[in-house]
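Read off the chains here:
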Amino acid sequence: MTPGDFGLYALVLFSWGTSWVALKMQVGVVAPEVSVFWRFLIASGLMMAWAAMSRRRLRFPISDHIRFAGLGGMIFSTNFVLFYYGAMHLPSGLLSVVFSLTSIINLLFAALIFHQGISRRVLIGGILGACGIALMFWPQIAGTTINHDAVVGLGYCVAGTVSFCLGNMLSASNQARGLPVVSANAWGMVYGAVFLALFASIKGVPFIIEMTPAYIGSLAWLVVFSTVLAFACYLTLLGRIGSARAGYATVMFPIVALAISTAVEGYQWTPGALAGLLCVLTGNLFVLTRGRRARQ
């Protein structure tokens, strides 16, 4: 990995690590699909303006627009709505734990779809990371009563993670075809907003905005940092270092979320949580240093 790759990686960790607090602040008065619609309506406008000002290509054939629509359906709408629904049933820490399975699912999909081999180092790193996250959040997991709400919430989050990973595979395929990341993201967000508007209209939910500092502030944060900045960095990493190592950022960002919780909410560290942190960092080292010796 180059210094630029590490910079992109750090921005992804910061942007997504802070997003769970903002996401939780969105749940309540406004329907999930409407909150996500506002998010991508604004984000798509910003992305389109960015693409236009930087003179990136915005005209594409129908075949490429079908790919952009798939990206919008999997990453920029379904994924988020499912996690918003999950947030109605589960604590935010458990949401990030489920989403951290992205690194493992990315590996499996890459092997199944692109016939990419899975190295032992990446596999061990992913397992260590997932186990570490489980240890860190074990008090929340153990304290969650397995009732109907918990099962439904977990189902939403697992489905949202799978949707996100399928979108990762499509994004990697788009980049392999030479489609520019910024343009693909911009069109993907446009299609995502359209799908969300249609879904909300069919459900008959009102298109409202909760005029409170918490909702407006969290919406602005999610649009600028957790959507435009984070996805541009993440999908660029996906094409530069592969789905395995890029996806591992989703194992690490719960650490950022937990650090915020420690400072703001008084999270209490336990020996199990410290052991989990060690597992995650060790797993991260396994994945990020993969193949260095071979390149030397």
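Residues numbered from 1 in each chain as written. Predicted model: local features only at pLDDT ≥ 70, side-chain atom pairs only at ≥ 80, totals over all residues. Heavy atoms only, no water.

Enquirer: Can you help me understand the packing of helix 2 (residues 19-26) against helix 11 (residues 213-241) in this one?
Expert: Each pair of packed helices gets described by two things: the angle between the helix axes and the distance between those axes. Look at helix 2 against helix 11: their axes get within 9 Å of each other, and the N-to-C directions meet at 140°. With respect to each other, helix 2 and helix 11 are oriented oblique. The element helix 2 and its partner helix 11 pack so that their crossing is left-handed. Seen from helix 2, the contacting residues are Ser-19, Ala-22, Leu-23, Met-25 and Gln-26; seen from helix 11, they are Ala-214, Tyr-215, Ser-218, Leu-219, Trp-221, Leu-222 and Ser-226. (Axes fitted to C-alpha atoms, helices over the stretch in contact; angles between N-to-C directions. Helix = DSSP H or I, 4+ residues; strand = E, 2+ residues; numbered from the N terminus. Parallel < 35°, antiparallel > 145°, perpendicular 65-115°, else oblique. Left-handed = near helix turned anticlockwise from the far one by under 90°. Contact = heavy atoms within 4.5 Å.)

Enquirer: Can you help me understand the side chain of Ser-35 in this one?
Expert: Take Ser-35: it is sitting in helix 3 (residues 32-53). On the basis of relative accessibility, which here comes to 0%, the residue Ser-35 falls in the buried class. Ignoring sequence-local partners within four residues, the contact set of Ser-35 consists of Gln-26, Val-30, Tyr-84, Tyr-215 and Leu-219. (Buried < 20%, exposed > 50% of the residue type's maximum accessible area, 1.4 Å probe, protein only.)

Enquirer: Even after reading the chapter, I still don't get empty space enclosed by the protein, so can you show me in this structure?
Expert: Any space left empty among the atoms is revealed by the rolling of a water-sized probe across them. Evaluated as defined, the whole model comprises two cavities of 30 Å³ or more. The space that makes up the largest cavity amounts to roughly 160 Å³. Forming the boundary of the largest cavity are 14 residues, of which Trp-16, Ser-19, Trp-20, Phe-80 and Phe-99 lie nearest the centre. By residue class, the composition of the lining of the largest cavity is ten nonpolar, three polar and one charged. The volume enclosed by the second largest cavity comes to roughly 40 Å³. Around the second largest cavity, the lining residues are Leu-71, Ser-171, Asn-174, Gln-175, Val-181, Ala-184, Asn-185 and Leu-235. Every element with two or more residues in the lining of the second largest cavity is listed here: helix 9 (148-176) and helix 10 (181-203). Here the lining of the second largest cavity is composed, by residue class, of four nonpolar, four polar and no charged. (1 Å grid on protein atoms, 1.4 Å probe; cavity = no way out; pocket = protein on both sides within 12 Å on 5 of 7 lines; lining within 4 Å. Points joined across faces, edges and corners; volume = space filled by probe spheres on them. Nonpolar A, V, L, I, M, F, W, Y, C, P; charged D, E, K, R; others polar.)

Enquirer: What exactly am I supposed to notice about the confidence of the model for the chain here?
Expert: For the chain, the average pLDDT comes to 82, and 89% of its residues sit at 70 or higher. Taken as a whole, residues 292-296 scores under 50 in pLDDT and shows two contacts with residues more than four places along the chain or in a different chain. (pLDDT = per-residue confidence, 0-100.)

Enquirer: What is the right way to look at the state of the cysteines in this model?
Expert: As enumerated under the stated definition, the model contains zero disulfides in all. In this structure Cys-279 is not part of a disulfide, and its nearest cysteine sulfur, from Cys-131, lies 6.8 Å away. (Disulfide = S-S within 2.5 Å.)

Enquirer: Help me out: how do you make sense of the environment of Trp-138 in this one?
Expert: Inspection of the secondary structure puts Trp-138 in helix 8 (residues 138-143). By relative accessible area, which is 52% here, Trp-138 ends up exposed. For the pair Trp-138 and Gly-276, spaced 138 residues apart in sequence, the C-alpha to C-alpha distance is 9.4 Å.

Enquirer: Sorry, what's going on with helix 11 here?
Expert: In an α-helix, one full turn covers 3.6 residues, which means residues spaced three or four apart are oriented alike. The largest bend in helix 11 is about 40°, located at Ala-230. Positive backbone phi, approximately 95°, marks Gly-242, located one or two places after helix 11. (Bend = angle between axes of the 7 residues up to and from the residue.)

Enquirer: Would you explain the nonpolar core in this entry?
Expert: For soluble globular proteins, nonpolar side chains are generally found buried alongside one another. If you look at the biggest cluster of nonpolar residues, it comprises 73 residues, and the most contacted ones within it are Trp-16, Trp-20, Phe-40, Phe-76, Leu-95, Phe-231 and Tyr-234. With 13 residues, helix 11 is the largest single contributor of residues to this core. Leave out the neighbours within four places in its chain, and Phe-76 touches Phe-40, Leu-71, Asn-185, Gly-188, Met-189, Gly-192, Leu-196, Phe-231 and Leu-235. The next biggest cluster of nonpolar side chains, apart from the first, holds five residues, and it includes Phe-109, Ala-110, Cys-165 and Met-169. (Core = buried A, V, L, I, M, F, W, Y, C linked by side-chain atoms within 4.5 Å.)

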